[in-house]
Amino acid sequence: MRHNKLLQEKIRESLASVLPITAIVLVISVTIAPLTPGTMMLFLFGAILLIFGMGLFTLGVDMSMIPMGDGIGVQVSKSRKVFLPLLLCFVLGVVVTIAEPDLQVLAEQLPSVPNMTLILAVAVGVGFFLVIAQARMLLRIPLSYTLLFFYGIVFLLSFFAPDSFIPAAFDSGGVTTGPITVPFIMALGIGLSAMRSDKNSSSDSFGLVALCSIGPILAVMLLGIFLPDLDAAYTSVVIPQVSTTREAAALFAEEIPAYIGEVASALLPIVVIFALFQAVFRRFKRRQLGRMLVGLVYTYVGLVLFLVGVNVGFMPAGATIGASIASGGTKWLLVPIGALVGYFIVRAEPAVQVLARQVEGITNGSITQKAINRSLSVGIAFSVGLAMLRILLGIPIIWILLPGYAVALIMTFFVPQIFTGVAFDSGGVASGPMTTTFLLPLAMGACEALGGNVLTDAFGIVALVAMTPLCTIQLLGLYGTVKTRRRIRTRREAIQKELESLETGIVYWEV
């Protein structure tokens, strides 16, 4: 009974998240970028699947993935041996990344690089940086120093990597931190820091996703540098031709089995690792295991519905809208329309809602879900508008990423560490399946219609989506810090005035 009530609440939340972007696409489709009836039917069916899938997924994550990650993190942090926890972190990073559906999407869009080569390289990168994140927490190295060092290496390598690999490399950093990876890794970080009692323990629970986003960038760049025979290419979005609601429903029905298998293979390694963990440590009781099992079923069904909805329903609509706007005399409308879509689409990212709830919980409400969502929306609106401007003008992505990350990294030295961790985690979280299956096809469709280079101009939108939250969330922290200092100063001045008035009164009575 309680599950039904929670599920209804989650579905209402997902409805509020998906409805705005659905309304925007409907308005665009009847004004400046008409969609065929078939594409519109696919989009509307996809939106319905998104609403139910996102509701089931977020409830399932709360019941299963978060307790799993948290439990493993707490148990690992109790170990007196350093090597074993680090090895476990590496294995977890590799397994969870291979399981990430978003990485499969990116691999399919770069067919000239063998899928398994790209997936394994990225997975090893994530595993390696999860080890670095754990070592940083053990050695209590400030996150800002770690980020500055490794992003310095990233931008140094960018001058040696082939131009066609750079946008895809930065995109891979955002793509790998998706709906499977984020809840598990964030919960792992909270668990790892839970055993510490120092003042930075809560701050250090964030930042794992941030560091894990660097590994894929380096891995793909190194592929381009050391395997010169590989040539980055891409696959154009195929627009299905459907004319009736029955054909649209049949298309979804045809695709569901493939995603049933894909999500099963994604979740199975995590379940196996958790089963081995439980067999060894016996951490969870039978009742907790039953709840987690139900949560895994919700997670599984929800993710299947969500991925079918975005891949079958949203991808064709994104590509068609991008091509329609760019091919007419309205190409400059790509910038404001992209910004508007970006503002609302981030609310439909399932991992964003997981992050926002965890941030509010770990900070005892000092950083609210509403503040996180608003900051992310503003950041993504700016980044998508900037991505569309880059397509129109052919601006090299490194000209935007280098100053953008420079500003974000400089800000890390002026804001509380917890905001730095949340900001860089948010960058990876915001660039999830909605970005890869709607915004990227939107950019690809526009770029193809304008005759641009898709690999250098359209790819990179995921990277920009991952970059801007770094600044907006830290600005939120900076604003909060300034506001707190002003409140303290005002309070001190008020106390000083009260003391002065008391002293004056005492002198008066003495006289």
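To be clear, the structure that these remarks concern was listed above.
To keep things clear, this report deals only with the structure shown in the data block.

Each value, and the rule that gives it
- Residues numbered from 1 in each chain as written.
- Predicted model: local features only at pLDDT ≥ 70, side-chain atom pairs only at ≥ 80, totals over all residues.
- Heavy atoms only, no water.
- Helix = DSSP H or I, 4+ residues; strand = E, 2+ residues; numbered from the N terminus.
- Buried < 20%, exposed > 50% of the residue type's maximum accessible area, 1.4 Å probe, protein only.
- Contact = heavy atoms within 4.5 Å.
- Areas by Shrake-Rupley, 256 points an atom, 1.4 Å probe, with all protein chains shown as cover.
- 1 Å grid on protein atoms, 1.4 Å probe; cavity = no way out; pocket = protein on both sides within 12 Å on 5 of 7 lines; lining within 4 Å.
- Points joined across faces, edges and corners; volume = space filled by probe spheres on them.
- Salt bridge = Lys/Arg side-chain N within 4 Å of Asp/Glu carboxyl O.
- Nonpolar A, V, L, I, M, F, W, Y, C, P; charged D, E, K, R; others polar.
- Expected span 1.5 Å × (residues − 1).
- Bend = angle between axes of the 7 residues up to and from the residue.
- Polar contact = N/O pair within 3.5 Å; in protein donor to acceptor, adjacent residues only side chain to side chain.
- Lys, Arg positive; Asp, Glu negative; His and termini not counted.
- Patch = residues over 30% accessible without salt bridge, like charges linked within 9 Å, V, L, I, M, F, W, Y side chains within 5 Å.
- Arc of directions from axis to C-beta.
- Axes fitted to C-alpha atoms, helices over the stretch in contact; angles between N-to-C directions.
- Left-handed = near helix turned anticlockwise from the far one by under 90°.
- Parallel < 35°, antiparallel > 145°, perpendicular 65-115°, else oblique.

**A few points about the overall build of the protein chain**
Item 1. When helices and strands are tallied, the protein chain shows 21 helices and zero strands.
Item 2. Out of the 511 residues belonging to the protein chain, those deemed buried represent 57%.
Item 3. Intrachain contacts of the protein chain at a sequence separation of at least 6 include 87% that bridge at least 24 residues.
Item 4. For the protein chain, the exposed area adds up to about 21500 Å²; of that, 67% sits on carbon and sulfur atoms.

**Quick look at the layout of surface pockets**
Item 1. Taken as a whole, the second largest pocket holds about 330 Å³ of empty space.
Item 2. As for the second largest pocket, its lining consists of 16 residues, and the residues nearest its centre are Val-76, Leu-84, Leu-88, Phe-277 and Phe-281.
Item 3. A per-element tally of the lining of the second largest pocket places helix α3 (residues 83-98) first, with six residues.

**Details of the pattern of salt bridges**
Item 1. Here the structure, examined in full by the defined rule, presents one salt bridge.
Item 2. With its nearest N and O atoms 3.0 Å apart, the salt bridge here joins Lys-10 to Asp-62. Placement of the pair is Lys-10 in helix α1 (residues 2-29) and Asp-62 in helix α2 (residues 37-78), with a sequence separation of 52 residues.

**Here's the deal with empty space enclosed by the protein**
Item 1. Per the counting criterion, the structure on display carries one cavity of 30 Å³ or more.
Item 2. In this structure, the largest cavity encloses a volume near 100 Å³.
Item 3. Contributing elements (two or more residues each) for the lining of the largest cavity: α7 (166-175), α18 (417-430) and α21 (461-510).
Item 4. Per-class residue counts for the lining of the largest cavity are nine nonpolar, five polar and no charged.

**Concerning helix α12 (residues 245-281)**
Item 1. Spanning 37 residues, α12 covers 52 Å between terminal C-alpha atoms, matching the ideal 54 Å at 1.5 Å per step.
Item 2. Within α12, the axis deviates most sharply at Ile-256, by approximately 30 degrees, and proline Pro-257 lies no more than four positions further along.
Item 3. The complete set of buried residues in α12 reads Ala-248, Leu-251, Phe-252, Tyr-259, Val-263, Ala-266, Leu-267, Ile-270, Ile-273, Phe-274, Phe-277 and Gln-278.
Item 4. Where α12 terminates, the next one or two residues include Arg-282, which has phi positive at roughly 50 degrees.

**Here's the deal with the environment of Ser-327**
Item 1. You can see Ser-327 is positioned in helix α13 (residues 286-327).
Item 2. Between the alpha carbons of Ser-327 and Gly-451 there is a distance of 9.7 Å; along the sequence they are 124 residues apart.
Item 3. Within the structure, the side chain of Ser-327 is placed 3.3 Å from the backbone oxygen of Ser-324, a separation counted as a polar contact.

**Considerations on the side chain of Arg-390**
Item 1. Inspection of the secondary structure puts Arg-390 in helix α16 (residues 369-393).
Item 2. One buried charged side chain, Arg-390, makes no salt bridge at all; its nearest oppositely charged neighbour is Asp-457, positioned 4.4 Å away.
Item 3. With sequence-adjacent residues up to four places away left out, Arg-390 is seen in contact with Ile-395, Pro-396, Ile-397, Ile-400, Thr-456, Asp-457, Ala-458, Phe-459, Gly-460 and Leu-464.

**Topic: a nonpolar patch on the surface**
Item 1. Taken together, the side chains of Leu-138, Leu-139, Ile-141, Tyr-145, Leu-148, Ile-410, Phe-413, Phe-414, Leu-475, Leu-478 and Val-482 make up a nonpolar region of the molecular surface, amounting to roughly 1100 Å² of accessible area.
Item 2. Those elements that provide at least two residues to the nonpolar patch are α5 (115-139), α6 (143-157) and α21.
Item 3. It is α21 that provides the largest number of residues to the nonpolar patch, a total of three residues.
Item 4. With respect to the helices and strands, Val-482 occurs in helix α21.

**Details of the environment of Tyr-405**
Item 1. Summarising the element assignment, Tyr-405 is placed in helix α17 (residues 398-411).
Item 2. Sequence-wise, Tyr-405 and Leu-148 are 257 residues apart; in three dimensions their C-alpha atoms are separated by 9.4 Å.
Item 3. The contacts of Tyr-405, once residues within four sequence positions are left out, are Tyr-151, Phe-155, Phe-170, Met-467 and Leu-470.

**A short note on helix α14 (residues 334-345)**
Owing to its 3.6 residues per turn, the α-helix brings residues three or four apart onto one side.
Item 1. The end-to-end C-alpha distance of α14, which contains twelve residues, comes to 16 Å, matching closely the 16 Å that a straight helix rising 1.5 Å per residue would cover.
Item 2. Residues Leu-334, Ile-337, Gly-338, Val-341, Gly-342 and Ile-345 constitute the buried set of α14. The arc that holds every buried residue of α14, seen down its axis, measures 135 degrees, which confines them to one face.

**With respect to the side chain of Thr-412**
Item 1. With respect to the element layout, Thr-412 can be found in the loop between α17 and α18.
Item 2. When its relative accessible area of 6% is taken as the criterion, Thr-412 is described as buried.
Item 3. Polar side-chain contacts of Thr-412 include one of 2.5 Å to the backbone oxygen of Leu-409.
Item 4. Residues contacting Thr-412, with those up to four places away along its chain left out, are Ser-144, Thr-420, Phe-424 and Gln-474.

**Quick word on the packing of α5 against α6**
Item 1. Where α5 meets α6, the closest approach of the two axes is 11 Å, and the angle between their N-to-C directions is 145 degrees. Where α5 crosses over α6, the handedness of that crossing is right-handed. Contacts from Phe-129, Ile-132 and Arg-136 in α5 reach Leu-143, Thr-146 and Phe-150 in α6.
Item 2. Grouping the amino acids of the contact of α5 with α6 by side-chain chemistry returns four nonpolar, one polar and one charged.

**Examining the packing of α14 against α16**
Item 1. Contact geometry for α14 and α16: axes closest at 7 Å, N-to-C directions at 150 degrees. Comparing the axis directions of α14 and α16 gives the class roughly antiparallel. Judged by the sense of rotation from one axis to the other, the crossing of α14 with α16 is right-handed. Residues Leu-334, Val-335, Gly-338, Ala-339, Gly-342 and Tyr-343 of α14 form the contact with α16, whose participating residues are Ser-377, Val-378, Ile-380, Ala-381, Val-384, Gly-385, Met-388, Leu-389 and Leu-392.
Item 2. Looking at the contact of α14 with α16 residue by residue, the classes come out as eleven nonpolar, four polar and no charged.

Shape is all these values report; function is a separate question.
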